[in-house]
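# Descriptive structure summary
Below are the chains, spelled out letter by letter.
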Amino acid sequence: MAAADSPSTALRRRDLCSRGIRLAGKMRADVVDLLDAYVEQQGLDASASVAAVEGVPLAAVEHWDEQTGTQRLLENLAAYRAFRALLAQMLEEQREQLGEADTGLGRALAAVLLQVSAFAYHLEELLRLESRGIPGEEGDGPPPPPHLSLFEQKLRGLGVLRELAQWAVRSVRDLRQLTKPSPATGAASGLAESP
Amino acid sequence: DSHIQYERVGADVTMKCGSMDWDAAVTWTANGTDIDESHLNGSYLILKNVDLSQSGQYSCYEGSSWHLKYQTYLRVGTPPKEPVLMCRSNNYPKGFYCSWHLPTPTYIPNSFNISVIHGTKDMVCEKDAVPKNRCHIRYLQLFSTVKYKVTLTVTNALGKNFTTLTFDEFAIVKPDPPESVVAKPVPNNPRRLEVSWQNPSSWPDPESFPLKFFLRYRPLILDQWQHV
């Protein structure tokens, strides 16, 4: 039930959103750099088309402007949780390929993984503000990955990073939508529960 | 009965006078002016290495009766060269438009066909009434990593040609320039100017998709720009 926001709630929401926006902006810049390094190190063609890979959340969305605030938060959260698992897997695969050698790519991957986790946390906090139960994670984990060849792993990694770069752009837009005042209630747009 | 005949620049054109025999006595005219017999081979009209100025109405009359036996409209032109195509979104996130033109004229009518594919999905590009060489598309999805592929085919009576563009959703975003750019002097401060402007009216949602502006200025007497 969307009662009028208390001033502290509104303030906390705005604070979380603006920090989230900055975090997503930085995340996007880092992922784009990571993509360049990844393509080079894995010997891939940057313009290669990668078919949608199972388990990678697609940033593409229809009727984006009609989404409610809660929808945006839930979809973002599901996506970044999935990316958290996918990036951890990619790090694991890196270590398998190259042993324990500390590579620039490995460190960049780990840095992005950290940002993804931080962003997921911001989303959970925003959902808490809406007195929304946060969906549990246990059933949500990706299915155990099928055994992929080395090349398939590399293509998958490319797909993961590309979608993550798109998601980062979308997340900034989503968070901006959340901070827009709704005409009716004066609360942040779209966060009222549907009747 | 008259019809239209399209021929390439530089081609040799032979016109028959309808069903008249080769050895019939006929007179040919071009846009009403008699054509000299030196261009005739029997009753056939031979035009060698035609150029654009030879476009026009050609008529063939039976020698004695002056009955009109055949008439055609000759249009000399060229098959189309590869068209120039560009696509742009100046109203993100609503959609984008593509516009095209031919690098050189063909001098004969051309028809254009455009196809837009997003992944496996065919999209419809709605043609604008004005200008004619433009169509627009609404984005069905946003934030997609799947590329768009636009193919423009141009066809005329003498041939066809085409070109293809492939791009990402973000790559073609380019807003229109700012509007109502005004520079006003500041009272009592001759070394200052107050510059104001508006978001382009074509940009639908500057709150969700804010635009960034860059300003440079210089006094007329100096060549170097300064940046704000």
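Residues numbered from 1 in each chain as written. Chains lettered and ligands numbered in written order. Predicted model: local features only at pLDDT ≥ 70, side-chain atom pairs only at ≥ 80, totals over all residues. Heavy atoms only, no water.

Let us look at the side chain of Glu7(B). All names here are of chain B. Position of Glu-7 among the secondary structure elements: in strand β1 (residues 2–8). Salt bridges are absent for the buried Glu-7, whose nearest opposite-charge side chain, Arg-8, sits at 7.7 Å. Engagement of the side chain of Glu-7 in a polar contact is seen with the side chain of Gln-5, the distance being 3.1 Å. Once residues lying within four places of it in the same chain are set aside, the contact partners of Glu-7 are Val-13, Leu-74, Arg-75, Val-76, Gly-77 and Leu-158. (Helix = DSSP H or I, 4+ residues; strand = E, 2+ residues; numbered from the N terminus. Buried < 20%, exposed > 50% of the residue type's maximum accessible area, 1.4 Å probe, protein only. Lys, Arg positive; Asp, Glu negative; His and termini not counted. Salt bridge = Lys/Arg side-chain N within 4 Å of Asp/Glu carboxyl O. Polar contact = N/O pair within 3.5 Å; in protein donor to acceptor, adjacent residues only side chain to side chain. Contact = heavy atoms within 4.5 Å.)

Further remarks concern the state of the cysteines. All names here are of chain B. In the structure shown here, the tally under the stated rule is 3 disulfides over all chains. One disulfide in the model links Cys-17 with Cys-60; its S-S distance is 1.9 Å. The disulfide joining Cys-17 to Cys-60 has a torsion of about -105 degrees about its S-S bond and is therefore left-handed. Taken together, the residues Cys-17 in the loop between β2 (13–15) and β3 (26–30) and Cys-60 in strand β7 (residues 56–62) connect sequence positions 43 residues apart. The class for Cys-17 is buried, based on a relative accessible area of 0%. Disulfide pairing is shown between Cys-87 and Cys-98; the S-S distance is 2.1 Å. Here the disulfide of Cys-87 and Cys-98 is right-handed, its torsion about the S-S bond being about 105 degrees. Separated by 11 residues along the polypeptide, Cys-87 in strand β9 (residues 84–88) and Cys-98 in strand β10 (residues 95–101) bring together distant segments of the chain. A relative accessible area of 10% places Cys-87 in the buried class. Of the residues examined, Cys-98 reaches a relative accessible area of 0% and is grouped as buried. With its bonded cysteines labelled in order along the sequence, chain B shows the pairing 1-2, 3-4, 5-6. (Disulfide = S-S within 2.5 Å.)

This part takes up the UniProt feature "domain: Fibronectin type-III" (unreviewed entry) in chain B. If you check UniProt for "domain: Fibronectin type-III" (unreviewed entry), the listed places come out as residues 177–228 of chain B in our numbering. Across residues 177–228 of chain B, the secondary structure splits into 0% helix and 42% strand, with the terminal C-alpha atoms separated by 18 Å. (UniProt positions renumbered as here; feature names shortened; annotations may be inferred.)

Now for the confidence of the model for chain A. Atom-level detail of predicted coordinates should not be read off regions where pLDDT is low. Residue and element names in this part refer to chain A. When pLDDT is averaged across chain A, the result is 84; 84% of the residues are at 70 or more. Across chain A, element-level confidence peaks in strand β1 (residues 61–62) with a mean pLDDT of 96 and bottoms out in helix α2 (residues 69–98) with 92. Every residue in residues 183–189 scores below 50 in pLDDT, and together they form 15 contacts with partners more than four places removed in sequence or on other chains. (pLDDT = per-residue confidence, 0-100.)

Our focus in this paragraph is the environment of Thr155(B). Residues and elements named next belong to chain B. Structurally, Thr-155 can be placed in strand β16 (residues 148–156). The class for Thr-155 is partly exposed, based on a relative accessible area of 31%. For the pair Thr-155 and Phe-213, spaced 58 residues apart in the sequence, the C-alpha separation amounts to 42 Å. In contact with Thr-155, other than residues within four places in its own chain, are Pro-109, Asn-110, Ser-111 and Lys-160.

This part is about the nonpolar core. Grouped together as the largest cluster of nonpolar side chains are 68 residues, with contacts concentrated most on Tyr80(A), Phe83(A), Leu87(A), Phe96(B) and Ile114(B). Ignoring any residue separated from it by four or fewer positions in sequence, one finds Ile114(B) in contact with Leu85(B), Cys98(B), Trp100(B), Cys125(B), Cys135(B), Val150(B), Thr151(B) and Leu152(B). (Core = buried A, V, L, I, M, F, W, Y, C linked by side-chain atoms within 4.5 Å.)

Before going further, it helps to spend a moment on the packing of aromatic side chains. Residue and element names in this part refer to chain B. Inspection of the entire model under this criterion finds 17 aromatic pairs over all chains. Here the aromatic rings of Tyr-92 and Tyr-139 are separated by 5.8 Å at their centres, their planes lie at 75 degrees, and the arrangement is edge-to-face. A residue pair is termed long-range when its members are at least 10 positions apart, and Tyr-92 in the loop between β9 and β10 and Tyr-139 in the loop between β14 (134–138) and β15 (141–142) qualify at 47 residues. Per residue, the accessibility class of Tyr-92 equals that of Tyr-139, and both read buried. Arranged with centres 5.6 Å apart and planes meeting at 75 degrees, the rings of Phe-96 and Tyr-148 form a pair that is edge-to-face. Note that Phe-96 is positioned in strand β10 and Tyr-148 in strand β16, a separation of 52 residues in sequence. (Phe/Tyr/Trp six-rings, centres within 6.5 Å; stacked < 30°, edge-to-face > 60°.)

Listed by partner, the interface residues are 16 residues for chain A and 13 residues for chain B. Between chain A and chain B lies a buried interface of about 1,300 Å² when both sides are counted; carbon and sulfur atoms form 57% of it. At the boundary of chain A and chain B, one finds 1 salt bridge. Applying the counting rule to chain A against chain B returns 9 residue pairs in polar contact (both at pLDDT 80 or more). Secondary-structure elements contributing two or more residues to the side of chain A that touches chain B are β1 and α4 (150–179) of chain A. The biggest single contributor to the side of chain A that touches chain B is α4(A), with 8 residues. (Buried area = accessible area lost by both parts, 1.4 Å probe.)

With that settled, the discussion passes to the pattern of salt bridges. Where charged atoms from two side chains of opposite charge approach closely, those side chains can pair. All names here are of chain A. For the coordinates displayed, the defined rule picks out 15 salt bridges over all chains. Close ionic contact of Arg-13 with Glu-130 constitutes a salt bridge, the shortest N to O distance being 3.2 Å. Separated by 117 residues along the polypeptide, Arg-13 in helix α1 (residues 7–41) and Glu-130 in the loop between α3 (104–129) and α4 bring together distant segments of the chain. Classification of Arg-13 as buried rests on a relative accessible area of 4%. What makes Glu-130 buried here is its relative accessible area of 17%. Between Glu-92 and Arg-95 there is a salt bridge, and its shortest N-O distance comes to 3.8 Å.

All names here are of chain B. Note the cis peptide between Tyr-92 and Pro-93, where omega equals 10 degrees. Tracing the chain through its elements places Pro-93 in the loop between β9 and β10. Along the chain, Val-130 connects to Pro-131 via a cis peptide bond; the corresponding omega equals -5 degrees. Tracing the chain through its elements places Pro-131 in the loop between β13 (126–127) and β14. Phi at Trp-66 takes a positive value of approximately 55 degrees, unusual for a residue other than glycine. As for its placement among the helices and strands, Trp-66 is situated in the loop between β7 and β8 (68–77).

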